[in-house]
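Chain by chain, the residues run as shown.
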Amino acid sequence: RQRSKRRLAEAFPDELGADDAVEIKVIKTTGDMVLDKALKDVGGKGLFTKELDVSLLNGDVDCCVHSMKDVPTWLVPGTILPCNLPREDTRDAWISPSGKLPQELPDGAVIGTASLRRQAQLYAINPTFKCVNFRGNVQTRLKKLEEGIVDATMLAKAGLNRMNLEEHITAVLEWDTCLPAVAQGAIGIQIREKDEKMSRYIGALNHEPTKVAVDCERAFLAALDGNCRTPIAGQAKIVDGQLRFEGLIAKVDGTTVLRTSRTGPLSDAAKMGTEAGEELKAKVGGDALAFFGEGEVLPEPKSSVTGVETDGLGGYVKGEYAMDESGKDPGFAKAQ
C-alpha cells in the first residue's frame, strides 16, 4: 500500500505529491480474521477480496491493492484490474532448521504447509513425507518451526523479502522442484470500471512484463476452474523477448503430476494460458475437479518441545499460546 502511494506521488507529483493527497484505508477481510479454519473450508480465495469489492463499488475507496495470489480469476462486475506492480521473486522458500533440502529429508519427515499445491509436489518427491496444516502469520510459523512442531516449512520468498526475514531461508526452490502458485509475488490494483480519473492514475503504475505474465497464469487457472481446493501451479516469465510458461496439476497425494509448457509472443499471453489449461484438462478426461478429488492436509501436531497442543488448524488451544474466541493469531502473547 505504501509502495503504491509512493509510486502515485512520483508519477503525479503536482496532483498527488502531497502527503495527504492519497489516503490509505486498511480493510480487514474475512480471510485475514478467520485463522482457526483451513482456507478451503471457509470459502477459499474470495475471502480476501469480498470486503474490498464492496468498499470499491460503494465508493468508499477509489482503488484496492491486492496480493494477486488471493484474487479470484473472476472479478466482481463493475470492476477492472488494469495494473500490476513490478513483480517480486515468485519462488517458494524452503526453511528447515536441519539445513536439509526436500530431497535430503528422511522418510516420514513432517512438513508444515496448508497448501495442497506444495503438498502434492512434496509427496511427489517423497511419498512418506507427512504434510500438516501450518497457519498463522510468518513470525508465528517461524516460532513454531523453532519449537520442533515440524521439520520444515515453505513460504513465499517475496513475503520473507518484504519483512527482511531472508536469513531464515535454507534454500530457494526452483521451478523444477516446486512450481509456484499462479500470480505468486505479484501485486495488483483494482478500480471501478469507467472511472477515467483512476484509470489515468493507476494505469501509469502498470508494469507491463508483470501484467503479461500474470494474465497468462490467471488464464491457465481459469481454464482449470482452479481454487484453494486444487493443486495447481503456473508461472510465466519473459525470456529473450518471448513469454515462457510452465504449468502443472497434480493429485493431492503426489501420485500423478501432469506438466505443460508454452513459449510464444507476449501478445498471446492469455491465449497461451488458456490453451495450456485446456490441454491438461483434456488429459484428465475434461473434468479437472474430478481428477483432483477431495484432499486434506493433516492437522498440525502439538509441539514436541513445549508440549503445547493445537486445535489442529494452526491455533493454540491451551497453554501460554492460547488462541482466544475471535480466532485471531495469538502472536505468541501469553494467554490471559
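Thresholds applied
Note on numbering: residues in each chain are counted from 1, in written sequence order. Local features are withheld for residues below a pLDDT of 70 in this predicted model, meaning they are given only at 70 or higher, and side-chain atom pairs are given and counted only at 80 or more; totals for whole chains, interfaces and linings count all residues. For the side-chain quantities, the full set of heavy atoms in the structure was used; hydrogens and water were omitted. Helix numbering and strand numbering both begin at the N terminus, where a helix is a DSSP run of H or I of at least 4 residues and a strand a DSSP run of E of at least 2. For each residue, the accessible area found with a 1.4 Å probe, counting protein chains only, is set against the maximum for its type, and the residue is called buried under 20%, exposed over 50%, and partly exposed in between. Centres within 6.5 Å are what make two rings of Phe, Tyr or Trp a pair, Trp counting through its six-membered ring; a difference in plane orientation under 30 degrees is then read as stacked, over 60 as edge-to-face, and the rest as tilted. We call a charge positioned above a ring when the Lys NZ or Arg CZ atom is no farther than 6 Å from the ring centre and deviates by at most 35 degrees from the ring normal. Two strands make a pair as long as DSSP finds a minimum of two bridges between them. Here an angle of 0 to 180 degrees is reported between the N-to-C directions of two axes, which are lines fitted to C-alpha atoms, with helices fitted over the stretch in contact.

Undergrad: I keep staring at unusual backbone geometry and nothing clicks. Help me out?
TA: Trans is the prevailing form of peptide bonds, just as negative phi is the prevailing case for residues other than glycine. Notably, Asn 164 is not glycine yet its phi reads approximately 55 degrees, a positive angle. With respect to the secondary-structure elements, Asn 164 resides in the loop between α7 (157–162) and β7 (171–173). Owing to a relative accessible area of 57%, Asn 164 belongs among the exposed residues under this scheme. A positive phi is found at Ala 183, a non-glycine position, where the angle reads about 70 degrees. Within the fold, Ala 183 resides in the loop between β7 and β8 (187–192).

Undergrad: I would appreciate a short explanation of the packing of aromatic side chains in the present structure.
TA: Think of a pair of aromatic rings as described by two things: how far the centres are apart, and how the planes are tilted against each other in angle. Under the defined criterion, the tally for this structure stands at three aromatic pairs. Aromatic side chains Phe 12 and Tyr 201 sit 4.9 Å apart centroid to centroid with 70 degrees between the ring planes, which places their arrangement in the edge-to-face category. Of the two residues, Phe 12 sits in the loop between α1 (2–11) and α2 (13–16) while Tyr 201 sits in helix α8 (residues 196–203), which places them 189 residues apart along the sequence. By relative accessible area, Phe 12 is classed as buried at 11%. Note on Tyr 201: relative accessible area 8%, which makes it buried. Here Lys 237 stacks its cationic end above the ring of Trp 175, 4.7 Å away from the centre of that ring.

Undergrad: Would you take a moment to explain the sheet that holds strand β9 (residues 232–239) for this structure?
TA: Working definition: the strands of a sheet are paired by backbone hydrogen bonds and lie parallel or antiparallel to each other. Taken together, three strands build an open sheet; the order of strands is β9-β10-β11 and the sheet is antiparallel. Lying at the two open borders of the sheet, with one neighbouring strand each, are β9 and β11 (257–264). Within the sheet, the average angular offset between the axes of one strand and its neighbour, ignoring direction, is 10 degrees. Strand direction decides the pairing type here: β9 and strand β10 (residues 242–250), joined by eight bridges, are antiparallel. For Gly 234, the partnering residue across the bridge sits in β10 and is Gly 247.

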